[in-house]
Amino acid sequence: MATYKPVVVQAFPKLGERITQDTVYWRGYKTPVQIKEFGAVNKIDFSPVSPYNYAVTASSRIHIYGRYSQEPIKTFSRFKDAAYCATYRDDGNLLVAGSEEGSIRLFDVSGRAPLRQFDGHTKAVHVVGFLSDKYRIFSGGDDYSSNLWDIPSATEIVSYSEHTDYVRCGCASKVNADVFVTGSYDHTVKLFDARTKGSVMTIEHGQPVESVLLFPSGGLLVSAGGRYVKVWDVLKGGQLLVSLKNHHKTVTCLCLNSSGQRLLSGSLDRHVKIYSTTSYKVVHSFNYATSILSLALSPEDETIVVGMTNGVLNVKHRKPEERKEKPQKKRQPAYRTYVKGRTYMPKQEDFCVSKPVKRVLRKYDKLLKSFQSSKALDAVLEPPIRLYTPEVTVAVMQELHRRGTLRSALAGRDEKQINLLLTFVARRVIEPRFTPVLVTVADMITDIYQPVVGQSAIVDRQFLRLQEAIGKEIDYQEELLEVLGMMDTLFATFTKKRATYLEEKKSNGLTETIETKMNN
Amino acid sequence: MVAPAALRVVRCGGSTLHGARAVFSADSKYLLCASGDFVKMYSVATEETLRLMGGHADLVTGVQLNPHNHMQLYSSSLDGSIKLWDFMDGIPIKTFTVGSKLLALYALASSEDSVFVVIPKSGERDTFQLVSVKLTKAAGQDLEARELSVVLDGVDASPKCIAFGREVYSPFGGEYVASVKEVNLQVYFFKQKQLNRFSVSAVKTKSGNNRFTCIACHPTEDCIATGHADGKIRLWRNFHHKKEYTFSTLHWHHDTVMDLAFSMEGTNLLSGGVESVLVLWHNESDCERDFLPRLGSAIEYISMSSDGTLCCTLHTDNRITIINSNLRFSKSIQGLIKSTDVKTGLVVDPRTKALVLNGEPGHLQFYCLQSDQQLFSLDIVQRQYIHQAGLNQADLVKVAFSAQGKWLATVEEREEVTDPELQLKLWFYDEETQSFKLNTRINMPHEDHITDMCFRDMDELEDDSLILVTAGRDCVFKVWVMVEDTDPEAQQSVSWSCDFVGSYHNYQATNCCFSEDGSLLAVSFEETVTVWDSVTWDLKCTFCHPPGKIRNICFGRLTCSKYLIGATDYGFLCCWNLLSCALEWSAHLNILVLQPDPLSEYIAAVSWLSKESSLFVFKPNEPRPIYIQRNLCKEKIQLAAFVPRDEPEMIGSEKYLWLRRSQLFFLTDTQELMTLSTKSLEERLTPSSKQLAVEESLPVTPFSLLLGKHRRQQSQEDIDLGKLVVRNKHEQDSPAVKELLHTPAHVLPSASFLCPIFINSLLISKENKSAEEVADEVEMESEKTEDDSDEERDVTEMEQEDTSPMELLGEITCKLSKSQERELRKIRKMDYSWISAF
């Protein structure tokens, strides 16, 4: 015997962006905090140790911000000209920065004056960094050279002058203390081993390289330059794995998230794209106000800091995990009564009486079950259902129509209710998923309440609004049809042309080759 | 060697179960009901068909237990005979030939040797009379029963329109028969020979008129309940008087009351109608009623078992529902649902080999042909069905299975004035739950009705080759493919989406069909057949030979796979060669159904010519048919299907070789499911030899069992007095207590009644704890009693010395009683006062 079947509320597939785990994750940030710096922010680096302060290099200053501070907790401003690439050491105690005048300075995070100064570059140093043994520093300068420095003695260990253009980015391997890569505007990325005299590997990126990144495993290398982000397999001798072209302006910065599962790229086109490192598909993307120069993600992805060309620092903090607050503990039965009989195993001759599962019906279903059409319609016109789940309201209307009782359910309503109904219809009738049902409803309402038109100003206004909404929609559809017609003609000509072109090519295949030969 | 029998057309799939009211056997274990030409016996407990009693030559119209022998059954049929059956053995005992059509049968306990039947009045059309037939007690199987006496004239033909009242007990008024027709009620009293006529004024309201539809008589009181077409129930009283009669009205049904039944005690009235709700009216009052809603389809008949514990309803969709007395659904016996219009066609489920077609509204029934029962019913529409006339509700129109039965595609539509509501649903067979699970639902797959749908049938290939094609009246055909969610992090799931839309000169697409290897798709657009490559979706060629719209197309199979067969509505059957793209042959035949056998190259075509259907079986490579059966049946054949046999049948004749691998079933426009059989009638009707046990005595209630046991016990004690039988405590005791505890509380008498029994049962058990103990006690007691009796005897001797015979007598009794007297005394001590209550 059949039981009552509840009204089927049609679920429509969401158009546009699909909600995935990633979108949920990356949307979980609060509204950004904007901090104004003195110039374009060229580097942001998070301290690898708690409390994860971050150093922001902009203009001639290096600001260190605390996790939630809006004001810098420390400033290094001993630079005559612009400072570049302030980077923390692994232990978070030392900070190194290059500068426009060519010197590299090493700071103690707690101190103010530089501990060491490395002079040797003749032009601006845009990239510096610690090797993973903590005692050496690599740097790259606009004098085309990449140097290696010893911290204790403040001397140059080795200088590679292999690049043929500015060296603007670099990265040290976390696995091997001797290995680092630098990227240059000469379209190449070079891998250096401190134990050798020259570069170990050269990777041709194809565009001026703006940023390079080594995966924590050291096996994969990501380079960004021009509109491309390219992933290379270092262990296979620099083979190209993927080339991603998702930005429409130069990609300026790269960053990995804390788990290494996602790669972030920032670009001058004001977007930050997040890729999955397994499929290299864009899983999410952020939008910013101006072009992005630098980007950093704090450990545990707690904070995303983005530096812009106009000197604005955009800081986003992750929303605190929604702790499910335990509901007020209801007085539950004592433990003994709770477990009573739970462990009892029925014997063979026992007669088991199963408790029937109680089906909970929604209010409108209960009313529909007892054939109370008017009340069911009232129930789905309650504010929460009407406003947030209009599909339920429409589904019940459709069900009533199916039962042939929609007219009687709509009839006999007072001014307030008609107003409510008409508001709903006028608002939703243009939604394609609701249109078929709501057109019928609107038809019936006008039929039923035709005699009372003119008696109430409110109802009349609603009728006018409905008319206006439908009129607008008709105009819109007409416009769409026009566009469609235009596109059809375009497509028709296009396909025809292509067809003829193909034919020509087939027929002229021989002559063409001859022609090219002659040209040669 | 048996000579090859001619091919016979056999009706199968069971007949309608609602020919007449069903009857419960006296012990309520079996249910007997008329089904076509047969009487079927079902087990109430297991829903199994136990016996099929055949013998009538036409539809069975009435089934009644013999009131004088509850092991026997009367059945009447349109062939004009009444048969008396021993239904436990399925043997016909006697056949009484009446001579005219029998439309209803009634048997009364009071009339010793006659039954009542409704027969058409001779010489007049559409007039019927109720006559009593005297059943002669002469020996012999086939008897003539020509002794008819007319009881009532001008009765309705429906068996629901006559009821007999006060069969059992009649202090006043006596037995009567009540009959309704149109707006008239007539009551005939047998004793007084008085006929009272009443009528309700014919009123036509919006919901229908108030003519009578059914009648039921109260079993103990003088009360008649009548049901009306406008949904009212009237209770008539005082109908002995022609003028001072009264009636009260009960109204709940919004449509025709289809049947009424009083409970055995007459306290409750059951009614049912088109709403498929069984209504239980308490104490004949308008406000106290209970409902059993959503029984599936309109209730045709209601019948009660004689002990009042069960009730059964017969429904229009060929179903019997058995309902407990407390209005709880208990069992249902489902036959083949014959809906008015089988839109889905006959489809064979490749997994179960069951026949799949429209079932209940919005459901798909899987009907097992071998066991003649419904395997299951799949809810496709998943919406509440409102049982109300004139409502436009969604129904299933197309069904297709993939080759392995893994996928099922269904199309449901709801006819709407402006635009039809269409839904294409794809179901996946879930191995775990062993049922189909909804995978994808596509709203409005086409802008107009879908005319045909087929899967690419490829057994050996992988899932990704699975393609569904739908052809629509909106001039396109669409190709649907499975799409896997490519995101590795998302959970693996597949869904269906449209891959290709094809059209041809803006003609309506009418049929589609894949070739056997799946490489070609043929789609017919009105008068043209187009052939498409199923990989690139290029139009390969078109066929348009004779004028006329294409009705059916199909590809040849196996050795004939290069042929494409098409039938047009101008009466041509054409066969095109796909290699030469030319017409191979054509025949002038008005083909209605074209059905290829999936296991062989044979194709069956059913034609309709001058009021008879003919069957042609042919191979596409030769224009001459292999087998022709003219005059297959008189009705138009709508649909046909080849059902693969479990094992190839041994067929002697070359002519019927095409029936070896599969069996052909077809459905006529009167919803009769038929098949072709080579077996002779005797082979088909192998009698079942099930031994059935029925309790010889009339059934007893649990309480009467308990009482009976006690009485028997006591009488036993009285009989073997003195014999001290050592009985096991449990053996003797537990049943009594068990009965007491297991009897439903509401049928038990008050506790004060039961207390003594219970205590007594305990007492007895204690007494018989061990034989020795009892013996000791007896010794001691007997000594005492001996002393007593000695003294007494002395006295009596002294007093009554002269009356020696008396004394002798007394002495004898005394001697007899010795040890038993105690028992007697004990019995005397017992309180039997509660028996007086009975």
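Treat the numbers as computed from the prediction; the structure is a model and nothing was measured.

K.L.:
Please provide a residue-by-residue account of the overall build of chain A, values included.
P.N.:
Across its full length, chain A holds 10 helices and 28 strands. Long-range contacts, defined as pairs at least 24 residues apart, comprise 45% of the intrachain contacts of chain A with a sequence gap of at least 6. In the structure as shown, chain A presents an accessible area of about 29,300 Å², 54% of it carried by carbon and sulfur atoms.

K.L.:
An account of the overall build of chain B is requested, with residue identities and associated values reported.
P.N.:
A count of helices and strands for chain B gives 7 helices and 59 strands. A burial count over chain B gives 50% of its 838 residues as buried. If you take every contact in chain B between residues at least 6 apart in sequence, the share linking residues at least 24 apart comes to 46%. Carbon and sulfur atoms form 51% of the exposed surface of chain B, whose accessible area is close to 40,100 Å².

K.L.:
Summarise the sheet that holds strand S39 (residues 421-430) of chain B; cite the residues concerned and give the values.
P.N.:
Residues and elements named next belong to chain B. Sheet architecture is open: 4 strands sit in the order S37-S38-S39-S40, paired in antiparallel fashion. At either end of the open sheet lies a strand with only one pairing partner, and these are strand S37 (395-401) and strand S40 (435-443). Ignoring strand direction, the axes of neighbouring strands in this sheet form an average angle of 25°. Pairing geometry for S37 and strand S38 (residues 407-414), over 6 bridges, is antiparallel. Opposite Leu396, over in S38, you have Glu412 as the bridge partner.

K.L.:
Could you give an account of the nonpolar core, naming the residues involved and the relevant values?
P.N.:
Ranked by internal contacts, the top residues of the largest apolar core, which has 39 residues, are A:Leu377, A:Met397, A:Leu410, A:Val425, A:Leu438, A:Val441 and A:Ile445. Looking at which element gives the most residues to this core, the answer is helix H9 (residues 435-449) of chain A, with 7 residues. Leave out the neighbours within four places in its chain, and A:Val441 touches A:Met397, A:Leu406, A:Leu410 and A:Val425. Counting 28 residues, the second-largest nonpolar core is a separate cluster that includes B:Cys513, B:Cys541, B:Cys554 and B:Phe555.

K.L.:
Got a sec to walk through the packing of aromatic side chains? Specific residues and values, please.
P.N.:
Taken as a whole, this structure holds 48 aromatic pairs over all chains when the rule is applied. Ring geometry for B:Phe212 and B:Trp236: centres 6.2 Å apart, planes at 35°, overall tilted. Residue B:Phe212 is located in strand S21 (residues 212-217), and its partner B:Trp236 is located in strand S23 (residues 232-237); the two are separated by 24 residues in the primary sequence. For the pair B:Phe212 and B:Trp236, a shared accessibility class is recorded, and that class is buried. Ring geometry for B:Phe477 against B:Phe525: centres 6.2 Å apart, planes inclined by 55°, an arrangement best described as tilted. Here the residue B:Phe477 occupies a position in strand S43 (residues 476-484), and B:Phe525 occupies one in strand S46 (residues 520-525), the gap between them amounting to 48 residues. Taking the relative accessible area as the measure of exposure, B:Phe477 reaches 0% and is therefore buried. When the ring centre of A:Phe371 is taken as reference, the NZ or CZ atom of A:Arg403 above it lies at 5.2 Å.

K.L.:
Pulling in residues and values, what's your account of the confidence of the model for chain B?
P.N.:
All names here are of chain B. Across chain B, the average pLDDT comes to 78, with 79% of residues at or above 70. Here residues 722-732 is modelled with pLDDT under 50, and outside its nearest four sequence neighbours on either side it reaches 14 contacts, counting other chains as well. Per the prediction output, this complex has pTM 0.67; the corresponding ipTM is 0.72.

K.L.:
Please set out the sheet that holds S21(B) residue by residue, giving values where relevant.
P.N.:
Residue and element names in this part refer to chain B. The strand order S21-S22-S23-S24 describes an open sheet built from 4 strands, whose pairing is antiparallel. The outermost strands of the open sheet, each flanked by one partner alone, are S21 and strand S24 (246-251). Across the sheet, the mean angle from the axis of one strand to that of its neighbour is 25°, orientation sign disregarded. Looking at chain direction, strand S22 (residues 223-228) and S23 are connected through 5 bridges and run antiparallel. In the strand pairing of S23, Cys223 is matched with Arg237.

K.L.:
So what's going on with unusual backbone geometry? Which residues, and what values?
P.N.:
Residue A:Pro51 is reached from A:Ser50 by a cis peptide bond, and omega for that bond is 10°. Among the secondary structure elements, A:Pro51 is positioned in the loop between strand S2 (41-46) and strand S3 (54-58). One non-glycine residue, B:Gln382, adopts positive backbone phi at about 55°. Here B:Gln382 is to be found in the loop between strand S36 (373-379) and S37. Exposure remark for B:Gln382: the relative accessible area of 31% places this residue in the partly exposed category.

K.L.:
Lay out the pattern of salt bridges in plain terms, naming residues and giving numbers.
P.N.:
Opposite charge on two side chains makes pairing possible when the charged atoms of those side chains draw close. This structure, assessed with the given rule, holds 27 salt bridges over all chains. Salt-bridge contacts for A:Glu431 lead to A:Arg428; the nearest nitrogen and oxygen are separated by 2.9 Å. Ionic pairing is found between B:Asp153 and B:Lys121, a salt bridge with its closest N-O pair at 3.1 Å. Of this pair, B:Asp153 sits in strand S14 (residues 148-155) while B:Lys121 sits in the loop between strand S11 (114-120) and strand S12 (128-134), and the two are 32 residues apart along the sequence. Relative accessible area serves as the criterion here: at 36%, B:Asp153 is assigned to the partly exposed category. By relative accessible area, which is 23% here, B:Lys121 ends up partly exposed.

K.L.:
Outline helix H6 (residues 390-403) of chain A, supporting the account with residue identities and numerical values.
P.N.:
Residue and element names in this part refer to chain A. The end-to-end C-alpha distance of H6, which contains 14 residues, comes to 20 Å, matching closely the 20 Å that a straight helix rising 1.5 Å per residue would cover. In terms of burial, H6 is largely enclosed, as 12 of its 14 residues are buried. Buried within H6 we find Pro390, Val392, Thr393, Val394, Ala395, Val396, Met397, Gln398, Glu399, Leu400, Arg402 and Arg403. Phi turns positive, to about 80°, at Gly404, one or two residues after H6.

K.L.:
Please give an account of a negative patch on the surface that cites residues and values.
P.N.:
On the surface, A:Asp475, A:Glu478, A:Glu479 and A:Glu482 cluster together into a negatively charged patch. In this structure A:Glu478 comes out as partly exposed when scored by relative accessible area, which is 46%.

K.L.:
Tell me about the pairing of strand S21 (residues 239-244) of chain A, and name the residues and values.
P.N.:
Residues and elements named next belong to chain A. Pairing between strand S20 (residues 228-233) and S21: 5 bridges, direction antiparallel. Counted as the bridge partner of Val229 is Leu244 from S21. Hairpin geometry of S20 and S21 is characterised by an intervening segment of 5 residues between the two adjacent antiparallel strands and by a positive phi of about 80° at Gly237.

K.L.:
Quick rundown of the interface of chain A and chain B? Include the residues and the values.
P.N.:
Contacts between the two partners involve 22 residues from chain A, matched on the other side by 23 residues from chain B. Between chain A and chain B, a total of about 2,000 Å² is buried, with carbon and sulfur atoms accounting for 42% of that surface. Where chain A packs against chain B, one counts 1 salt bridge. It is H6(A) that provides the largest number of residues to the side of chain A that touches chain B, a total of 5 residues. The class makeup of the residues in the side of chain A that touches chain B is 7 nonpolar, 7 polar and 8 charged.

K.L.:
Account for the side chain of A:Asp143, naming residues and giving values.
P.N.:
All names here are of chain A. Relative to the elements of secondary structure, Asp143 occurs in the loop between strand S11 (136-141) and strand S12 (146-150). Nearest to the buried, unbridged Asp143 among oppositely charged side chains is Lys123, at 8.0 Å. A distance of 3.2 Å separates a polar atom in the side chain of Asp143 from a polar atom in the side chain of His121. Not counting residues within four places of it along the chain, the set of residues in contact with Asp143 comprises His121, Thr122 and Lys123.

K.L.:
Give a description of the UniProt feature "repeat: WD" (unreviewed entry) in chain B that names residues and reports values.
P.N.:
The positions that UniProt labels "repeat: WD" (unreviewed entry) are, in the present scheme, residues 53-95 and 250-281 of chain B. Overall, residues 250-281 of chain B shows 0% helix and 56% strand. The separation of its end C-alpha atoms is 9 Å.

K.L.:
Before we move on, could you go through the packing of helix H4 (residues 373-380) of chain A against H6(A) and cite the residues and values that matter?
P.N.:
Geometry of a packed helix pair, given as the angle between the helix axes and the separation of the axes. Residues and elements named next belong to chain A. Put simply, H4 and H6 touch, their axes get as near as 9 Å, and they point 165° apart. Relative to H6, the element H4 is oriented roughly antiparallel. Here H4 runs over H6; the crossing is left-handed. On H6, the residues touching Ser373, Ala376, Leu377 and Val380 of H4 are Val392, Thr393, Val396, Met397 and Leu400.

K.L.:
Describe in detail the confidence of the model for chain A, supporting the description with residues and values.
P.N.:
For chain A, the mean per-residue pLDDT works out to 86, and 91% of the residues sit at or above 70. Low pLDDT (under 50) marks residues 502-520 of chain A, which in the prediction has 0 contacts with non-local residues, meaning those over four places away or in another chain.

Definitions and cut-offs
Residues numbered from 1 in each chain as written. Chains lettered and ligands numbered in written order. Predicted model: local features only at pLDDT ≥ 70, side-chain atom pairs only at ≥ 80, totals over all residues. Heavy atoms only, no water. Helix = DSSP H or I, 4+ residues; strand = E, 2+ residues; numbered from the N terminus. Contact = heavy atoms within 4.5 Å. Areas by Shrake-Rupley, 256 points an atom, 1.4 Å probe, with all protein chains shown as cover. Buried < 20%, exposed > 50% of the residue type's maximum accessible area, 1.4 Å probe, protein only. Pairing = 2+ DSSP bridges. Axes fitted to C-alpha atoms, helices over the stretch in contact; angles between N-to-C directions. Core = buried A, V, L, I, M, F, W, Y, C linked by side-chain atoms within 4.5 Å. Phe/Tyr/Trp six-rings, centres within 6.5 Å; stacked < 30°, edge-to-face > 60°. Lys NZ or Arg CZ within 6 Å of the ring centre and 35° of its normal. pLDDT = per-residue confidence, 0-100. Salt bridge = Lys/Arg side-chain N within 4 Å of Asp/Glu carboxyl O. Expected span 1.5 Å × (residues − 1). Patch = residues over 30% accessible without salt bridge, like charges linked within 9 Å, V, L, I, M, F, W, Y side chains within 5 Å. Lys, Arg positive; Asp, Glu negative; His and termini not counted. Charge placed at Lys NZ, Arg CZ, Asp CG, Glu CD. Buried area = accessible area lost by both parts, 1.4 Å probe. Nonpolar A, V, L, I, M, F, W, Y, C, P; charged D, E, K, R; others polar. Polar contact = N/O pair within 3.5 Å; in protein donor to acceptor, adjacent residues only side chain to side chain. UniProt positions renumbered as here; feature names shortened; annotations may be inferred. Parallel < 35°, antiparallel > 145°, perpendicular 65-115°, else oblique. Left-handed = near helix turned anticlockwise from the far one by under 90°.

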